[in-house]
Amino acid sequence: MGTSYQESSSLLLQNLKVTIKEASLIFPSEETLARERKSMFLSNVDQILNFDVQTVHFFRPNKDFPPEIVSEMLRQALVRAMDVYEFLAGRLRLNPSSGRLDVDCNGAGAGFVTAASEYTLEELGDLVYPNPAFAKLVTSHLQTLPKDDQPLFAFQVTSFKCGGFAMGISTNHTTFDGLSFKTFLDNLASLLLSENPLSTPPCNDRTLLKARTPPRVTFPHHELVQIQDSETTTVFEATSEHLDFNIFKLSSQQILRLKEKASEGISSGRVRATGFNVVTALIWRCKALSLVEEEEEEDLEKESTILYAVDIRGRLNPQLPSSYTGNAVLTAYAKAKRKVLLEEPFGRIVEMVGEGSNRITDEYARSAIDWGEMYKGFPHGEVLVSSWWKLGFAEVEYPWGKPKYCCPVVYHRKDIVLLFPDIEGDGKGVYVLAALPSKEMTKFQNWFEDTLS
């Protein structure tokens, strides 16, 4: 069975006792600021992602790199990074002529904050468990700036009493997707090593994902829902509803057994029982059946839709550069009646997940982008799997070493299930983080164990 654990919030540090020492703006070099001011086009994929993503990267003490030295090294490296990632010093704006968001590369600056906690890194406890207090390790808004002049990018270095520290990074999601953010971190690490060049020069041309003229929607897009102009709904809303957090750990051996179980029921030669496919199928089955009341046939007849991101860089013709900085992911989907998820072999569920990914070809991706040109809308389903599993943030080699752990700051969203890499054992397992109302969580856990058995 999968290992799961819930930890009472009373066991978590509610207050990390973080004091802000300095908050300021950093800017690109004078040479970059002297360039002709320009705006950066944002694709239809970027347009719907106007919200902040916050990540925290924890580092053990290193006597050769105390936090004060690290802070100054990072400050200088970030200044150099903004010479090529010029948009990070810009501001989002609504272009009055097009009615679209773009980035005004006005050199207004990125945020840089230094802070200190009264605790040691060890006193923070289990870093895997989603502690809302980790939000204090990240700065999204600078209080000295008005609301309409907030940076798209802010960096906070928080020192701990032991000499360890955390890098808290807030980025507006229009700036990066997970893969391009990993490339940014690799480039930052390269810049930190004295005068080293960038490991991967970025491609900032977002027009590569521009809609066709005229736009042509050639597929039905069940994964997208249209909204009215008067509505201001964002992609995913946090909820005030009480939720239980639970982390389910799947070892590499358990994932292997899920693959073996799936292989027995896959009839199509086009779908593979990959680690992601089997874990996503497991989550889909558990989430859908957690909503079914006992002996309620009506609930079983309802349709369930799961969403998950697919990188399209290598699926387009011609392919996007691997160094493309924008959001080059589209939402794949699989849908079925809950009754099917209850009764069909596990391999068939895995097959449906794989078919959803395979659906995204060059033409399908262009059709989805054109859909965004014609309508206002965003991805919509019963549950979204957001995978941080294989992005590799913890593999970035900084001068002071690799992170002890990396994680997003987690908020109350019951429609999103997160996947994190296992930091123990052989490193090939995965943590599944779900946040659900108590009754649904109990059912989710029961179905999780049932599917693994």
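As shown above, the structure is provided for reference.
Residues numbered from 1 in each chain as written. Predicted model: local features only at pLDDT ≥ 70, side-chain atom pairs only at ≥ 80, totals over all residues. Heavy atoms only, no water.

Chemist: Could you give me a rundown of the nonpolar core, with the residues and numbers involved?
Modeler: Ranked by internal contacts, the top residues of the largest apolar core, which has 133 residues, are Phe-58, Leu-74, Leu-124, Phe-155, Phe-184, Val-279 and Trp-400. Take this core: its biggest share by element is 8 residues, from helix α6 (residues 275–289). Other than its neighbours up to four places away in sequence, Trp-400 contacts Phe-59, Asn-62, Phe-65, Val-70, Met-73, Leu-74, Phe-165, Met-167 and Leu-192. (Core = buried A, V, L, I, M, F, W, Y, C linked by side-chain atoms within 4.5 Å. Buried < 20%, exposed > 50% of the residue type's maximum accessible area, 1.4 Å probe, protein only. Helix = DSSP H or I, 4+ residues; strand = E, 2+ residues; numbered from the N terminus. Contact = heavy atoms within 4.5 Å.)

Chemist: Can you tell me about unusual backbone geometry, naming the residues and giving the values?
Modeler: At the junction of Thr-213 and Pro-214, the peptide bond is cis and its omega measures out at -5 degrees in the coordinates. Tracing the backbone shows Pro-214 in the loop between α4 (178–192) and β10 (224–226). You will see that Lys-17, though not glycine, has its phi angle at about 50 degrees, which is positive. Tracing the backbone shows Lys-17 in the loop between β1 (3–5) and β2 (18–26). Since its relative accessible area comes to 38%, Lys-17 is described here as partly exposed.

Chemist: An account of the pattern of salt bridges is requested, with residue identities and associated values reported.
Modeler: Taken as a whole and judged by the stated rule, the model has 28 salt bridges. As a salt-bridge pair, Glu-297 and Lys-339 come within 3.4 Å of each other at their nearest N and O atoms. With a gap of 42 residues between them, Glu-297 in helix α7 (residues 297–300) and Lys-339 in helix α8 (residues 338–343) connect regions that are remote in the sequence. Using a relative accessible area of 42% as the deciding quantity, one classes Glu-297 as partly exposed. One salt bridge in this structure joins Lys-402 and Glu-395, with 3.2 Å as the shortest N-O distance. In this structure Lys-402 comes out as partly exposed when scored by relative accessible area, which is 39%. Through salt bridges with shared partners, one network takes in Glu-22, Glu-72 and Arg-75. (Salt bridge = Lys/Arg side-chain N within 4 Å of Asp/Glu carboxyl O.)

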